[in-house]
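Observations on chain architecture
Chain residues, written in single-letter form:
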Amino acid sequence: MTSSFPASTVLGYPRIGPDRELKRALESYWEGRSGRADLEETARRLREDTWRRLAALGLEGLPSNTFSYYDQVLDTAVLLGAVPGRYRHDDDLATYFAMARGAEGIAPLRMTKWFDTNYHYIVPEIGPDTVFSLDAAKPLAEVREARALGLETRPVLIGPVTFLLLSQAAPGNADGPDSPDGPHSPDGFTPLDRLDDVVEVYARLLGELAAEGVGWVQLDEPALVADRTPAELAAVEAAYGRLGRLEHRPALLVASYFGDLGDALPVLAGTPVEAVGLDLVRGTAQGVDALAGKTVVAGVVSGRDVWRADLDRALATLHAARERAGRVAVSTSCSLLHVPYDAERETGLDPALRERLAFAEQKVAEVVELATLLTAAPDSHLPGRPLPGRSLPGRPLPGPAAAPERPRTSRACTAEGRAPYAVRAVAQAEHLKLPLLPVTTIGSFPQTGELRRARAALAAGEIGEAAYESMVRAEIEQVIALQERLGLDVLVHGEPERNDMVQYFAEHLDGFAVTRHGWVQSYGSRCTRPPLLHGDVRRPEPITVRWARYAQSLTSKPVKGMLTGPVTIVAWSFVRDDLPLREVVFQVADAVREEVGDLEEAGVRVIQVDEPALRELVPLRRAEQAAYLEWAVAAYRWATSGVSEHTQIHTHLCYSDADEILAAIDALDADVTSIESARSRGRLLGAVGAFPRGLGPGVYDIHSPRVPGAGEVERLLTEALRTVPAERLWVNPDCGLKTRSYEQVEAALAHVVEAAARLRERHA
Ligand code: GLN
Ligand code: ZN
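Not measured: the values here are computed from a predicted model.

Focus on the coordination of the zinc ion (ligand 2)
All of the protein donors around the zinc ion (ligand 2) are His652 (NE2), Cys654 (SG) and Cys735 (SG); their distances to the metal are 2.1 to 2.3 Å. Around the zinc ion (ligand 2) sit 4 donor atoms; with metal-centred angles ranging over 91 to 123°, the donor geometry is tetrahedral. For the zinc ion (ligand 2), the donor residues sit on a single chain with the sequence spacing H-x1-C-x80-C. Of this pair, cysteine 654 sits in the loop between β19 (648–653) and α22 (662–667) while cysteine 735 sits in the loop between α24 (710–721) and α25 (742–763), placing them 81 residues apart in sequence. Here the two residues cysteine 654 and cysteine 735 agree in accessibility, since each one is buried.

Listed below in structure tokens is the structure:
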């Protein structure tokens, strides 16, 4: 009854549009500049273009339901009827966007990073009383829409176990999203307790899809590549046992990605699902024999990088899997959501680099090519032997293999570097002469439209370098004057010269290239253009020094030099895969260290090196986490330890998940750590209050347009003073001020300064 799985497929595709059409349509809809019909038409066209393009490239298995107005986890919550009462509205789109972005007086659902990617998903809220009900409108509509174009598709959904593992216990049943023990509520409830109810909704959905004539459904279970408890594995067995035994259902592909299934593989193998998707780029084919009798959907083309696949190697992997498991289909390692659309458009890149690139389009072509080769080759083909009559384009390797090895290890282990904090603290107090509870900011000030337009005009050659630079200088003058007027203690230059905290450095370092159209969805309508780290990283000349020097020349107060840390620069780039990540991070750390040294030499007394992505790269498997954190911290310390004891090093982290890596943050050994705390204050302070160095828990939530009053800031500081001694407490916002308006920033900072002054008096 079941048709066999198509020979080639992808697990998902970008949806924002090659020219960010969805971003524009969404933002225009949100601002009331266009109506629902316009938004729906843009969405429909994007889906049509994607399906037609995939079919034209020769892909056999087309996915559907990979489109989303905001996020696929949020879509799944809607599908299951898991919509918290406070968001419900007559207009379904209003309900949807209220959960994603908040509404009048209602905060949005929490957002957090999707595994170890820079994509953010919306965290559903599930409680003991959540009433589930099927709303299959979206997947059904997409199946019908594709069918109207003459195309059959495979609906893609988040699987029940991953959905519940990513959800949080609804507030009211727990002490809120920031409950100290994660998704558990005091009475021990976890969303996974609702598995049976949720699986029943999936069962009904599968029934409806079967009635619609859908042949295959894909259920994504990436949560299974992390360490799972026996109870969680039992949940997998129960869920897929139940769904697999349904009488009327499509065939099931359970897709895993971002790593190996490990213990979950034999569990899935024991359930009646027809196909299992494996990430054979990050993971291995270990244990694949257990899948004999099922189809292995072999993810051999990476969905996480932008490099052309080594087709020889991929083919060998496919052959090995086929020999051991039987039926094999060719696929991407994960959804292509994490890569840009089309490398062919990057005509501004060095052709030798462009040659090596594969974005989504090129990756689909690779999948198709591999499927053709796999079908053509007899089963007896020995992996590794060149294929008859066909020379495969191997990936040209960049030069670095030949470059002399530099002694990374010794340096990583001897990052003892700086004098003990007690010594530094005295030297810095003398050097900086700061008041108690010093007030500072995280770096950026509002980026005005005027500045952005000037940068675009510079890139387009419409204005000259000199005109642009004088604009930047004028902006720095204003930012310094503003901070002096408001009475801040450690000033910043405002970062007006930077488009982005990573891309700016990428543009000034050798070994990086930047794309023109390489947008990747970060969350909702937001996209980033990750730079391409393709060669050896070198700093040809100082990057930020002249701006820092200029800013310092305008004031007698200390101005912080502002840099992005090595882990974050690498995390938010597409990185060459011919070197261990650690080596690449240390190359970047070398460059940052040189910049830190030059800033110090230029008279900059405080240097901040941001590392907001430290948490993001933590491996999904616990066994690998300590090693990562060790080298990540060593790279940071290498970058920051070249300065004398009286130069003060700051670091900044955000995204409110800092509590998972506290020991590592402590080990960064920065003199001052500023940290986002708007969403998890109590918990965070309890933990980081013990840091023996300077600490600035954010007192102004910059993610909201709301301006906090001085009384509110004072309360937050008073609370912080219960755990952090006054001598070590810093006063600062949660994060950079780039996305706020000057009006909001001025008012908020005035209140922050006022609150600090009141407390200072009390402590004097
Ligand atoms: N220095 C950066 C800024 O202020 C930090 C941004 C961040 O942490 N994401 O914009
Ligand atoms: Zn931040």
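What to know about the pairing of strand β11 (residues 327–332)
With 5 of 6 residues buried, β11 lies mostly within the body of the structure. With 6 bridges connecting them, strand β10 (residues 295–301) and β11 associate as parallel partners. Bridge pairing in β11 links valine 301 to threonine 332.

Things to note about helix α5 (residues 137–148)
An α-helix turns once every 3.6 residues. As a result, residues three or four positions apart point the same way. Here α5 contains 12 residues, and its C-alpha end-to-end distance of 16 Å stays within 8% of the 16 Å for a straight helix at 1.5 Å per residue. Considered for burial, the residues of α5 that qualify are Pro139, Leu140, Glu142, Val143 and Ala146. For α5, the buried positions fall inside an angular range of 160° around the axis, keeping them on one side. Summarising the contacts, the buried residues of α5 are in contact with α2 (36–56), β1 (62–64), α3 (72–79), β5 (153–158) and α7 (195–211). Just past α5, the residue glycine 150 takes up positive phi, approximately 85°.

Some details on the sheet that holds strand β8 (residues 251–255)
Taken together, the 7 strands give an open sheet; going across it, the order is β1-β5-β7-β8-β9-β10-β11, and neighbouring strands pair in parallel fashion. The open sheet is flanked by β1 and β11, the only strands paired with a single partner. In this sheet, neighbouring strand axes are inclined to one another by 30° on average, regardless of whether the strands run parallel or antiparallel. Bridging between strand β9 (residues 275–279) and β10 involves 5 bridges; their strand directions are parallel. Bridge pairing in β10 links valine 276 to valine 296. α2 rests against β1 and β5 of the sheet, and its axis sits at about 165° to β1.

Concerning the packing of aromatic side chains
The description of two aromatic rings rests on the distance between their centres and on the angle between their planes. One pass over the structure, following the stated rule, counts 14 aromatic pairs. A ring pair is formed by tyrosine 69 and phenylalanine 97, whose centres lie 6.4 Å apart and whose planes are at 70°; its orientation type is edge-to-face. With tyrosine 69 in the loop between β1 and α3 and phenylalanine 97 in helix α4 (residues 92–101), this residue pair connects regions lying 28 residues apart in the sequence. Of the two residues examined, tyrosine 69 and phenylalanine 97, each falls in the buried class. Seen in terms of ring centroids, tryptophan 114 and phenylalanine 115 are 4.9 Å apart; in terms of plane orientation they differ by 80°. Their pairing is edge-to-face. The exposure class assigned to tryptophan 114 is buried, which follows from its relative accessible area of 2%. Using a relative accessible area of 15% as the deciding quantity, one classes phenylalanine 115 as buried.

What about the sheet that holds strand β17 (residues 574–575)?
Spatially, the 3 strands line up as an open sheet ordered β12-β15-β17, and their pairing is mixed. Two strands lie at the open edges of the sheet, namely β12 (510–513) and β17, each paired on one side alone. Bridge count for strand β15 (residues 532–538) against β17 is 2 bridges, and the pairing is parallel. Across the sheet, the residue bridging to leucine 533 is valine 575, located in β17. Sitting on the sheet, helix α20 (residues 581–601) touches β15 and β17, and the angle it makes with β15 is about 55°.

Re the environment of alanine 419
Within the secondary structure, alanine 419 sits in the loop between α13 (408–413) and α14 (421–432). For the pair formed by alanine 419 and aspartate 350, sequence separation is 69 residues and the distance between their alpha carbons is 45 Å. When near neighbours in sequence (up to four residues on either side) are disregarded, alanine 419 contacts Arg424 and Glu645.

Notes on the pattern of salt bridges
If you walk through the whole model with that rule in mind, you get 50 salt bridges. Two residues, arginine 44 and glutamate 48, come together in a salt bridge whose shortest N-O distance is 2.8 Å. Taken together, the residues arginine 44 and glutamate 48, both in helix α2 and 4 residues apart, mark about one turn of the helix. Residue classification places arginine 44 among the partly exposed residues on the basis of a relative accessible area of 29%. Notably, a salt bridge pairs aspartate 227 with arginine 622, separated by 3.6 Å at the nearest N-O pair. Here aspartate 227 is found in the loop between β7 (216–220) and α8 (230–244), whereas its partner arginine 622 is found in helix α21 (residues 622–640), with 395 residues between them in sequence. A relative accessible area of 57% means that arginine 622 is categorised as exposed.

Analysis parameters
Residues numbered from 1 in each chain as written. Chains lettered and ligands numbered in written order. Predicted model: local features only at pLDDT ≥ 70, side-chain atom pairs only at ≥ 80, totals over all residues. Heavy atoms only, no water. Donors = N, O, S within 2.8 Å, 3.2 Å for Na, K, Ca; no water. Tetrahedral: all angles 85-135°; square planar, octahedral: opposite > 155°, others 65-115°. Helix = DSSP H or I, 4+ residues; strand = E, 2+ residues; numbered from the N terminus. Buried < 20%, exposed > 50% of the residue type's maximum accessible area, 1.4 Å probe, protein only. Pairing = 2+ DSSP bridges. Expected span 1.5 Å × (residues − 1). Arc of directions from axis to C-beta. Contact = heavy atoms within 4.5 Å. Axes fitted to C-alpha atoms, helices over the stretch in contact; angles between N-to-C directions. Phe/Tyr/Trp six-rings, centres within 6.5 Å; stacked < 30°, edge-to-face > 60°. Salt bridge = Lys/Arg side-chain N within 4 Å of Asp/Glu carboxyl O.

Function-wise, these values are silent; they only describe arrangement.
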